[in-house]
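Structure assessment
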Amino acid sequence: MENEISVIPFKLMDCALITLATGKRAMNLRELRDRVAEIEESSLYYHFFENIMRPSFDDPEFRNDFALWSKRGLHDTKLAEKLGMIDPLMCCDLDDLRQRLLDVIEDHLYERDYVPWAKPDREFHFLRSNVVVFDTGRRFEDPASLLGSINDLSTGSIYYHFIDARRRDPVGEDDFSSWLSQWGGKTKFLRDRLSEVDYYVWTLYELRDHLSRIFGEHVNGGEA
């Protein structure tokens, strides 16, 4: 048929993180500030985003590792709350995120009469990771077929396609939205809904459930 479009199937990938040490660490808040100013962006990204892939990451009190360490390593709840309020999704890029992190730390140092220290076994270790990506072999032809399997997707697939994808072209867009764009206006509302998801507040399990609901509302509404 002349008006038929040739649909490109969604290629489901999965991923795992190999965590690597950078060799840099901080024993106190001043050292943390100095290290944050010089660490590579991949380490900054790890401690704000990739940490969600750690097996031990399960709805922690604070979302980024700097806030967690301030609470558990420095026992400074006030600083932890300040750092926990940093929303990386509101930053233009990682340079902006680094500066916001430094601003909070430096303001806190200025307000304190002493520099908070951690015990020798509680220092902050700066980490980074390599992402290992592999093809699951699964393909989906339309939103309805993806909906039928989305609750079975691994957390690695959710992370790769919905979070890590935003670092790839087109920058800022998840893989689901990029794929859905081939249906044009029929999936615009669904893509808009996906773009509004503040994934930073969810665990990967919660994010998967939330995405399933969004796709379900779209498919059950009779679109695409």
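First, a word on what this report is: a plain description of the structure on this page. (Residues numbered from 1 in each chain as written. Predicted model: local features only at pLDDT ≥ 70, side-chain atom pairs only at ≥ 80, totals over all residues. Heavy atoms only, no water.)

Turning to the overall build of the protein chain, a few remarks are in order. Assigned secondary structure in the protein chain consists of ten helices and two strands. Helices and strands appear in the protein chain in the N-to-C order β-α-α-α-α-α-β-α-α-α-α-α. C-alpha extents for the protein chain along the principal axes are approximately 75 × 30 × 25 Å. In the protein chain, which comprises 224 residues, the proportion classed as buried is 46%. At a minimum sequence separation of 6, the contacts of the protein chain that also span at least 24 residues come to 74%. Total accessible area on the protein chain stands at roughly 11800 Å², and carbon and sulfur atoms take up 49% of it. Once the 29 positive and 42 negative side-chain charges of the protein chain are each reduced to a mean point, those two points are 4 Å apart. (Helix = DSSP H or I, 4+ residues; strand = E, 2+ residues; numbered from the N terminus. Buried < 20%, exposed > 50% of the residue type's maximum accessible area, 1.4 Å probe, protein only. Contact = heavy atoms within 4.5 Å. Areas by Shrake-Rupley, 256 points an atom, 1.4 Å probe, with all protein chains shown as cover. Lys, Arg positive; Asp, Glu negative; His and termini not counted. Charge placed at Lys NZ, Arg CZ, Asp CG, Glu CD.)

On inspection of all chains with the given rule, the structure shows 13 aromatic pairs. Aromatic side chains F66 and F124 sit 5.0 Å apart centroid to centroid with 20 degrees between the ring planes, which places their arrangement in the stacked category. Taken as a pair, F66 in helix α3 (residues 65–72) and F124 in strand β2 (residues 124–140) lie far apart in primary sequence, 58 residues in all. There is no split in this pair, since F66 and F124 are both buried. A ring pair is formed by F124 and F126, whose centres lie 4.8 Å apart and whose planes are at 65 degrees; its orientation type is edge-to-face. Of the aromatic side chains, those joined through ring pairs into one cluster are F10, F162, F176, W179, W183, Y199 and F215. The aromatic ring of Y45 is capped on one face by R167, whose charged end is 3.8 Å from the ring centroid. Here the basic side chain of R168 rests over the ring of Y160, its NZ or CZ set 4.1 Å away from the ring centre. (Phe/Tyr/Trp six-rings, centres within 6.5 Å; stacked < 30°, edge-to-face > 60°. Lys NZ or Arg CZ within 6 Å of the ring centre and 35° of its normal.)

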